[in-house]
Every structure is written in structure tokens, then in C-alpha cells.
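Understanding the architecture of this molecule
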Amino acid sequence: MDLSDTPEQARHRAKVRAWLQEHQHEAPALQGEDEPAIIEARKAWQGTLAKAGLAGVTWPVEVGGQGLGPVEQVIVNQEVARAGVPGVLDVIGVGMLGPTIIAHGTEEQKSRYLGPMLHGDEVWCQLFSEPAAGSDLAAVQARAIRQDDGSWRLSGQKVWTTNAHFAAHGLLLARTDGDVPKHKGLTMFVVPMDAEGVTIRGLRQISGEAEFNEVFFDEVALEPDAVCGPVGGGWGTAMTTLMFERLTIGLGSEALGYRTERFAVAIAGDERARADPEVRRRLGELSVELLAVKFSGYRTLSALQHGQIPGPEAGLAKVTTVKAAIEAGDLIADVLGPDALEADSEWAYMISFLPGLKSAGGTEEILRNTIGERVLGLPPEPRLDKGIPFSELRAKERAAVSS
Ligand SMILES: Cc1cc2nc3c(=O)[nH]c(=O)nc-3n(C[C@H](O)[C@H](O)[C@H](O)COP(=O)(O)OP(=O)(O)OC[C@H]3O[C@@H](n4cnc5c(N)ncnc54)[C@H](O)[C@@H]3O)c2cc1C
């Protein structure tokens, strides 16, 4: 976003830019063959950024953040992208799970976990999705049972868990009461990823990366103080995480680098494509969509800067950005032909990675449904599970389907 900075913001930008110029030679590569070495280097770099005040920009000062606003966070994102260096490695921890612990955690949890998270010493993962609970997150079946001594036993399976293979802790949504409606019987836990009974298996994506995993829990023992937020109030805790997920994706979308200029450069070298009205029309259309995202991003930012929480319409930015970038990938593939898919081409990576982003952080259909219902006031989807205890749900659903 080309923000017109206030004098204070301009000073902040100048300070960030000067620091990055001085330190960019210390930055590690973004990716590479030796994944464990890259991860260690990026953890250390996150620590360097945190010490310089460039991580946890919006976190309160009491927990080690800078206590600044979302505009200052966007300025840091922009300057990091401009310097061509990696940003924070643990975006999920610092952007979503840390703010959840700040909002719902105990004082002990805040002082134990937030510092090492911010400085990259301990990476975190988000253990929400399951094979039968993605869009319908409140259907989670991983179960935690309270023991007589107040500790918990956790069993179940999570999936699509980004970074679980090098995470120290995870924030996990589990069912603790099956006798109440599904949104009410959930509790959030902090889970050490090296606990006995935790098994992590990598899943390889079409892009060649293996950033996410399936994670199995077999009678994992959790201390009473592993609970984050109220017992039975896990849905509210999860909503805080998902709100910060939306903000992290929304505010960071520029940093993903999906800019019209970048796409235009890719096809500008081809003389015939440059003169082809159809190519120009397709590029024009997706540019307009990205421009709309940019200006609605300004709206989100100014709402945030005035202390308001952006509404569900903020989800449109993700839907539109991903849609426009997929269209750009298709256009580039049409113009460059097989060259676009060469192994080390940035376009091959983008084309194979983007379809997954349609699901991450809320699928396109779910975001559109939410906008339909909550912004446009369209009739809500039929819901068969309202008010029914989770333990009776499958039987009722089966009966409804067969009748
Ligand atoms: C790159 C990536 C990283 C991820 N990282 C994490 C992570 O770290 N931690 C984590 O917990 N999860 C993670 N996820 C999981 C992500 O949150 C889920 O993919 C998402 O919630 C969708 O769930 P699902 O994949 O089970 O799809 P499903 O919910 O099974 O949906 C399948 C299809 O059905 C459609 N659909 C479902 N319900 C409806 C409806 N009511 N109306 C219309 N259409 C519907 C969906 O839109 C989708 O197209 C990640 C996903 C990706 C792609």
C-alpha cells in the first residue's frame, strides 16, 4: 500500500529502512536445500528483528512488543519486502497465537511463552483443523478428558498443521464435553510438541515443499495449566485466533508480492503478447481486482487504526487476491508456455502453491457464504446441528439425510 505517511509514520519508516540497510547482510536466505539449517538461520534472524523492534510491532509493550498500530506493522512489512530480506519466520505464532495468549492466557502462560515465541527461540503451530473439521471447525473430535488430579488426557488427530515438524508448542482445540451443542464443549490447550504420545508426519505439496503435517495424539498427558482460556469456552478463544488470522493474511497480502507490475514484467518480454488485445484485457482485469484489494485494504487499515475490528467483508481481500493471482499465473503460463513451469521458475512455484491458498484461512466458498449472510443479509444456510448435543449429532444428521 502506498500509504501517505504522517510525519511520525515517515520517521518510523526511515528508522526501519536505515536499520534494514545496515543489517541486511546478516539476513539468511528465504529458502534452500538444507531445510533444518535454513530454519535455524531464520529463527536467529527473527530474534535479530525482535531485538530491533521489528517483530511483534502491535504487541503490547508489557509483553515485549512495540505497542504500535497496524499501520506501523504494514510499514515494517513493506520495508522488509523492499529490502528483499525474510521477515518473521513464525508468522502463525507472532501474528495469531501470541495475540490469542495475550487475550486469553494466564499471566504464567504469558511470561513463559511470549518472549521465546517473539524471539524465534520457540516456534508454534496451530492445531485446529482435523480430517472432518476444517470449514466446520466446531466439529473437532480430538478429545481431552479431565483426570481426577486435574490433568488432562488428549487423543485424536489434526491435519494441515503448518510448521508442526519444527514447532516447540501448539495451540490445540479439543472437545472436553460431548453432551452440549458442538460450539459449547470445546477447550483450548497449549501442547508441547515433544510430549510422549505426539506423532508428526509430513505431507508433501505439489509445490515440492512439505510445510504442513498430520499430527496424532495418543493419550497425551497435559498439566492442568495447559488450558488457555476458559474450559468449555474454546470456541471464543478460537475466534480470537481466527480474527488475527484474517488480519495477518489481510495486512500481509502485499508482502506476498502479488503485484500487477510483477506480472506485467513477466509478459513484457514477449512482443506478440504485448500487442495482443486479449492478453492486455486479462492483465487489465486482474489489475483492477488487485487495485480494489489495495483500496479496501486502506479501509481495513483505517478501521483498525481507529480501534475498530474489521467486519467479515475483510475476507473478500483474501478471496480476491488469490483469485487475481491465480488468473495471473494462468495468463503467464499461456504467454510463456512450458518455460513458466521450469523447476526453478518463480511462476512454477506460484502456480502450484496458490490453489492451496484458496483453502487456507477460510475457503473461498465459506468466506463468500459469510459475506452473503453477514454483509449482504442473504438468507442463512440451513443448519441441522443447532442446539443438539455433539454426542447426538451424527445420529440426527444421519436420520435427517435418510428421511
Ligand atoms: C497452505 C495451508 C496451510 C494450512 N495451515 C493450517 C494450520 O497451520 N493449522 C490448521 O489448523 N489448519 C491449517 N490449514 C487448514 C485450513 O484451515 C483448512 O484447509 C480450511 O479450514 C478448510 O478445511 P478443509 O480443508 O477440511 O476443507 P473442507 O471444510 O472439507 O471443505 C472442502 C470443500 O467444501 C467446501 N465447503 C465446505 N463447507 C461448505 C459450505 N457450508 N458451503 C459451501 N461450501 C462448503 C469448501 O469451501 C471446500 O471447497 C491449512 C490449509 C492450507 C491450504
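Please refer to the structure placed before this passage.
Everything in this summary refers to the structure shown in the same document. (Residues numbered from 1 in each chain as written. Predicted model: local features only at pLDDT ≥ 70, side-chain atom pairs only at ≥ 80, totals over all residues. Heavy atoms only, no water.)

A look at the packing of aromatic side chains
Using the criterion set out here, one finds seven aromatic pairs in the structure. Pairing Trp-19 with Trp-45 gives two aromatic rings, centres 6.0 Å apart and planes at 35°, and the pair type is tilted. Here the residue Trp-19 occupies a position in helix H1 (residues 7-23), and Trp-45 occupies one in helix H2 (residues 35-51), the gap between them amounting to 26 residues. Trp-45 gets classed as buried once you look at its relative accessible area, which sits at 2%. An angle of 55° between the planes, with centres 6.1 Å apart, marks the rings of Phe-263 and Trp-347 as tilted. Residue Phe-263 is located in helix H7 (residues 260-268), and its partner Trp-347 is located in helix H11 (residues 346-357); the two are separated by 84 residues in the primary sequence. Judged by relative accessible area, which is 1%, Phe-263 ranks as buried. Over the face of the ring belonging to Phe-390 we find Arg-175, whose NZ or CZ atom lies 3.5 Å from the ring centre. (Phe/Tyr/Trp six-rings, centres within 6.5 Å; stacked < 30°, edge-to-face > 60°. Helix = DSSP H or I, 4+ residues; strand = E, 2+ residues; numbered from the N terminus. Buried < 20%, exposed > 50% of the residue type's maximum accessible area, 1.4 Å probe, protein only. Lys NZ or Arg CZ within 6 Å of the ring centre and 35° of its normal.)

With respect to a negative patch on the surface
A contiguous patch of negative charge, built from Glu-108, Asp-148, Asp-149, Glu-223 and Asp-225, is present on the exposed surface. Judged by its relative accessible area of 59%, Asp-225 is exposed. (Patch = residues over 30% accessible without salt bridge, like charges linked within 9 Å, V, L, I, M, F, W, Y side chains within 5 Å. Areas by Shrake-Rupley, 256 points an atom, 1.4 Å probe, with all protein chains shown as cover. Salt bridge = Lys/Arg side-chain N within 4 Å of Asp/Glu carboxyl O. Lys, Arg positive; Asp, Glu negative; His and termini not counted. Charge placed at Lys NZ, Arg CZ, Asp CG, Glu CD.)

Topic: the site of the ligand
Around the ligand lies a shell of 17 residues, among which Gln-126, Ser-135, Trp-160, Thr-363 and Glu-365 are the nearest. Within the contact set of the ligand, an oxygen atom lies 2.6 Å away from a side-chain nitrogen or oxygen of Ser-135. Alone, the ligand offers 980 Å² of accessible surface; in the complex the protein occludes 67% of this. The set of elements that each furnish at least two residues to the shell around the ligand consists of strand E3 (152-162) and helix H12 (364-374). Each residue belonging to the shell around the ligand can be placed in one class, and the counts come to five nonpolar, 10 polar and two charged. (Near = heavy atom within 4 Å. Polar contact = N/O pair within 3.5 Å; in protein donor to acceptor, adjacent residues only side chain to side chain. Nonpolar A, V, L, I, M, F, W, Y, C, P; charged D, E, K, R; others polar.)

Focus: the pairing of E3
As paired elements, strand E2 (residues 143-146) and E3 share four bridges and run antiparallel to each other. Residue Ala-144 lies in a different strand from E3, and its bridge partner there is Leu-154. Remark: five residues form the turn of the hairpin made by E2 and E3, two consecutive strands paired antiparallel; Gly-150 in that turn has positive phi of roughly 95°. Bridging between E3 and strand E7 (residues 212-222) involves eight bridges; their strand directions are antiparallel. Opposite Lys-158, over in E7, you have Val-215 as the bridge partner. (Pairing = 2+ DSSP bridges.)

Describing the nonpolar core
Side chains that are nonpolar tend, in soluble globular proteins, to be buried together. Core analysis: the largest hydrophobic core is formed by 29 residues, its most contacted members being Trp-59, Met-117, Trp-124, Leu-171, Leu-173 and Met-188. Looking at this core, the elements with two or more residues in it are helix H4 (91-104), helix H5 (107-118), strand E4 (169-175) and strand E5 (186-192). For this core, the leading source of residues is H4, giving six residues. Setting aside chain neighbours within four positions, we find Met-117 in contact with Gln-46, Trp-59, Asp-90, Gly-93, Val-94, Leu-97, Gly-98, Ile-101, Glu-122 and Trp-124. The next biggest cluster of nonpolar side chains, apart from the first, holds 22 residues, and it includes Tyr-258, Phe-263, Ile-267 and Leu-357. (Core = buried A, V, L, I, M, F, W, Y, C linked by side-chain atoms within 4.5 Å. Contact = heavy atoms within 4.5 Å.)

Observations regarding helix H3 (residues 70-83)
Between the first and last C-alpha of H3 there are 20 Å, a value that for 14 residues agrees with the 20 Å anticipated at 1.5 Å per step. Buried residues dominate H3, accounting for 10 of its 14 residues. Looking only at H3, the buried set comprises Pro-70, Val-71, Glu-72, Gln-73, Val-74, Ile-75, Val-76, Gln-78, Glu-79 and Val-80. Positive phi appears at Gly-84, one or two residues downstream of H3, with a value of about 70°. (Expected span 1.5 Å × (residues − 1).)

Observations concerning the pattern of salt bridges
Following the criterion strictly, the structure yields 17 salt bridges and no others. Among the ionic pairs, Glu-327 bridges to Lys-323, the shortest N-O distance being 3.2 Å. Taken together, the residues Glu-327 and Lys-323, both in helix H10 (residues 315-336) and four residues apart, mark about one turn of the helix. Exposure remark for Glu-327: the relative accessible area of 29% places this residue in the partly exposed category. According to the relative accessible area criterion, Lys-323 is partly exposed, its value standing at 30%. Note that Glu-373 and Arg-383 form a salt bridge whose closest N and O atoms lie 3.4 Å from each other. Taken as a pair, Glu-373 in helix H12 and Arg-383 in the loop between H12 and helix H13 (390-402) lie far apart in primary sequence, 10 residues in all. Connected via shared salt-bridge partners are Arg-13, Arg-17 and Glu-79.

Regarding the side chain of Arg-42
Relative to the assigned elements, Arg-42 resides in helix H2. Given a relative accessible area of 12%, Arg-42 falls into the buried group. If we skip the residues at most four places from it in the chain, Arg-42 touches Pro-28, Ala-29, Leu-30, Pro-86, Gly-87, Val-88 and Leu-89.

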